[in-house]
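# Commentary on secondary and tertiary structure
Listed below, chain by chain, are the residues.
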Amino acid sequence: MTFRPGFQRKLFLTALAAAALALFVAGLLFTRSMRRQTEVRIEQTLAAEARLAGALLDQIGRNPDGGAALDREADRIGTLIAARVTFIAPDGRVLGDSAEPEEALAGLENHGLRPEVVDAARGGPGRARRYSSTVGADMLYVAITVDHPRVAYVRVALPLTDIDEQVRSVITATAVALGVALLGAALIAYLLSARMSQRVHAIAAVADRYRRGDLSPSRLHLGDDELGVVARALDESVRDLGQRLDEQARDRSRMEAILGGMIEGVLVVDPAGRVQLANQAARQMLRLDDRAIGSHYVEIIRHPAIADLVSAALSGQTPEFVQLSPPRDEHRTLVARAAPATAGGTHGAVLVLHDVTDLKRADQIRRDFVANVSHELRTPLTAIRGYVEALSEPDVDPDDARRFLAIITRHALRMERLVKDLLRLARLDARQEPLDIAPCDVRAIIQAVVADLAPSFDERRQQVTIAVAPDAASVRADPAKLHDVLRNLLVNASSYSPEATAIQVTATVAGDRTAIAIEDGGPGIPDADLNRVFERFYRVDKSRARDPGGTGLGLAIVKHLVELHGGTVQAENRPAGGARFTVSLPR
Ligand code: ADP
C-alpha cells in the first residue's frame, strides 16, 4: 500500500472549495440584503428630505412673487440636499424644479399622473424608478403630499447611478471582508488537511509495516475521532489475524515436522485432485520432485494401481490396500492405502505408503532359517531312527550293533552341537551375551586354543606355528569370546585342510587395529563364496553337508562375536594356496 501524495492537496482543496462556496453564498445573500437595506434607507432619506423641503415651503407660501420664489427654493434645497427637487401643484403643474430654469417650467409635462405622484395622492410616500428625459438618466423618485396653499406634492429624486455607487461601496467592503475570510478559511483548511494527512500517513506507514510481516504493536496514538476508531479497529483485526496466522504457521510446521519424521509416505490430495502435501518419504517412494505440489495426482503418480487407489478414495470409497513395487525399484515392496479425507462436505484423499521391504526380507530370512534348521535336524534324526530300527531287529550282530551305536552317537552329538550353536546365535541376536572387555595376552590365548585342539592336529599330523608381533602382544577384548573365535577358525583350518599341512597363526598391528590371521594349506574357498561363508548354514561344498562334522553356523558365530567387539572378519585365498581368515579388532 503506498500513500498517494495528492491526499493532502485534495483534502485542502475540498475544504477550501466548501469554505469558498459557503462564503460566496453568504456574500451573495449579504450583498442582496445590503442592497435592499441601502435602497430602503435612501428612499427613507429621500422621503425625509421631501418632508423637510415641504416644511421649508411654509415660509414662502405667502410670498407675492410665488412662482419665481418656488423655483428658486427648489434650486436652493436641491443644492443643499444634492438631489433634484420638484414642487407640484394639486393639478399636476410643475411649480418649481431644481433641474429646470423657471422659464422652462411652463413647457414641462403635467406631472399629476406620474406614478409616484399618484401614489403620494393616495396617502403614503410614492416611489418610482424610471428614466428621466429632463435629467437624461435613470432616477429614483420619492413624492409626498404637503400642506401648502399652492404646492400639493414635493418630489425628491436621485440618479440611480448615485445609489448604485453607494451600494457598490457596500459590496466592495463586503468583498474585502469575504476575501479576508477566505484567506482565513484557506489557512484553517491547510492546517486541517496537513494534520489529517499526517495522521493518514502515519496509519498508512503502520499498515505498510504490517504488510511486510512486522506485526509488532504500533506505539502510534491513533486519536479518538472516527479515523482513530477505524484505524484502531483495523489495527486490532490485523494483529488478531497475524496471531492466527502465527498459530496456523506453528501448527503447520509442527505437522510438517511430524510428517517429515515419519518413515511412512503420506500424500494428501484435495477434492480437485491436486496434491496438497507430500512428505519426504512419499517423495522418495514415488520419486516425486518439488513440482509435485499443486500438480494433479494423475500427472505425477506413475503407478496405475496407486492412482486408482487415490481416485477411489476421492470418490468417497475406502479401497483395499495394494502391495506393489515402487516405480523403477523392483527390489522394494510398498503397501499403499488410501482413504477419503472429508472436509466441509467434499472428499479429498490421503494416501499412506509403507515400505515393507525389510519386513519381507526379515520374513524370508526367518522362513529360510526355519527351513534350514528343519533340514539340518532331519538328516541326523533320519539316520538315528534308521539305526535304532536296525538295532531293534531281533538278531543283530553285536559288531553291527556297536557300529550302529557309534553312528547314532555321532549324529546325536552333531544335533547337540547344532542346538548349542543355534542357542548361542539366538543369545547373540538378542544381545544376551554381554562383553567383558579386558586386556588380553594374544599369544597366551592362541596357545590355549592350540593346546585344546592338539589331539586333532596330532591326529591329522598338522603343524601349527604361532607368530605374534611385539606390539600385537596385547589386545582389549573379551578373552572367552576371542578364544571361541580363534577356536572356530582353527577347527575349520584343520578340518578343511588335508593331512600333514601347516597352519600359521600370526598377530600383527595394522594402523589402529590388531590383526590375527589364520592361514592353512588347504584348497581355499572359491572366490564367489568368500563373502557368503559367514551366512548361517552356508557351505561351499553342499555334499559335505551330509558330513556330520560341521553345523554351518561356526563362521556366523565368529562374525557375530567379532562385530560385537567393533571389529571385522574377512576371508581370502592366499596366493600360495589355502585360505586366510583375518580378524581385526580395535586396539
Ligand atoms: P561348518 O560348520 O560347516 O564348518 P562354518 O560356518 O564354520 O561351518 O564354515 C562354513 C563353510 O565355509 C564351510 O562349510 C566350508 O565350506 C567353508 N570353510 C570354512 N573354513 C574354511 C577353510 N579354512 N578352508 C576352506 N573352506 C572353509
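Because the structure is predicted, anything quoted here is derived from the model rather than measured.

Here the focus is the sheet that holds strand β6 (residues 265-269). If you walk across this open sheet you meet the five strands as β7-β6-β10-β9-β8, and the pairing is antiparallel. Two strands in the sheet have a free side with no partner beyond their single neighbour: β7 (275-278) and β8 (322-324). Across the sheet, the mean angle separating the axes of adjacent strands is 25° when strand polarity is ignored. Note that β8 and strand β9 (residues 334-343) share three bridges and pair antiparallel. When the sheet's bridge partners are listed, Val-322 is paired in β9 with Ala-336. Strands β6, β8, β9 and β10 (346-355) of the sheet are contacted by helix α9 (residues 304-314), whose axis makes an angle of about 145° with β10.

Moving on: the nonpolar core. If you look at the biggest cluster of nonpolar residues, it comprises 48 residues, and the most contacted ones within it are Leu-490 and Phe-581. Looking at which element gives the most residues to this core, the answer is helix α12 (residues 442-459), with seven residues. For this core, the two domains that each supply at least three residues are domain 4 (359-429) and domain 5 (438-586). Residues contacting Phe-581, with those up to four places away along its chain left out, are Leu-489, Ile-516, Ala-517, Ile-518, Ile-525, Val-533, Phe-534, Leu-555, Gln-570 and Ala-571. In this structure, Leu-46, Leu-140, Val-156 and Leu-158 belong to the second largest nonpolar core, which totals 26 residues.

Okay, the layout of surface pockets next. What the largest pocket holds in volume is close to 1,400 Å³. Every residue lining the largest pocket is counted, 45 residues in all, and those nearest its centre are Asn-488, Val-491, Asn-492, Tyr-496 and Gly-550. The set of elements that each furnish at least two residues to the lining of the largest pocket consists of α11 (398-429), α12, α13 (479-495), α14 (554-564) and β17 (579-586). Looking at the lining of the largest pocket element by element, the count peaks at nine residues for α13. The residue makeup of the lining of the largest pocket, split by class, is 18 nonpolar, 13 polar and 14 charged. Counting contributing residues per domain, the lining of the largest pocket is built from domain 4 (359-429) and domain 5 (438-586), each supplying no fewer than three.

This part takes up the packing of α12 against α13. At their nearest, the axes of α12 and α13 sit 9 Å apart, and the two run at 35° to each other. Here the hand of the crossing between α12 and α13 comes out right-handed. Judged by residue contacts, Ile-445, Ile-446, Ala-448, Val-449, Val-450, Asp-452, Leu-453, Ser-456 and Phe-457 of α12 engage Pro-479, Leu-482, His-483, Leu-486, Arg-487, Leu-490, Val-491 and Ser-494 from α13.

Parameters at a glance
- Residues numbered from 1 in each chain as written.
- Predicted model: local features only at pLDDT ≥ 70, side-chain atom pairs only at ≥ 80, totals over all residues.
- Heavy atoms only, no water.
- Pairing = 2+ DSSP bridges.
- Helix = DSSP H or I, 4+ residues; strand = E, 2+ residues; numbered from the N terminus.
- Axes fitted to C-alpha atoms, helices over the stretch in contact; angles between N-to-C directions.
- Contact = heavy atoms within 4.5 Å.
- Core = buried A, V, L, I, M, F, W, Y, C linked by side-chain atoms within 4.5 Å.
- Buried < 20%, exposed > 50% of the residue type's maximum accessible area, 1.4 Å probe, protein only.
- Domains from an automatic or database assignment.
- 1 Å grid on protein atoms, 1.4 Å probe; cavity = no way out; pocket = protein on both sides within 12 Å on 5 of 7 lines; lining within 4 Å.
- Points joined across faces, edges and corners; volume = space filled by probe spheres on them.
- Nonpolar A, V, L, I, M, F, W, Y, C, P; charged D, E, K, R; others polar.
- Left-handed = near helix turned anticlockwise from the far one by under 90°.

Nothing here speaks to function; it is all geometry.
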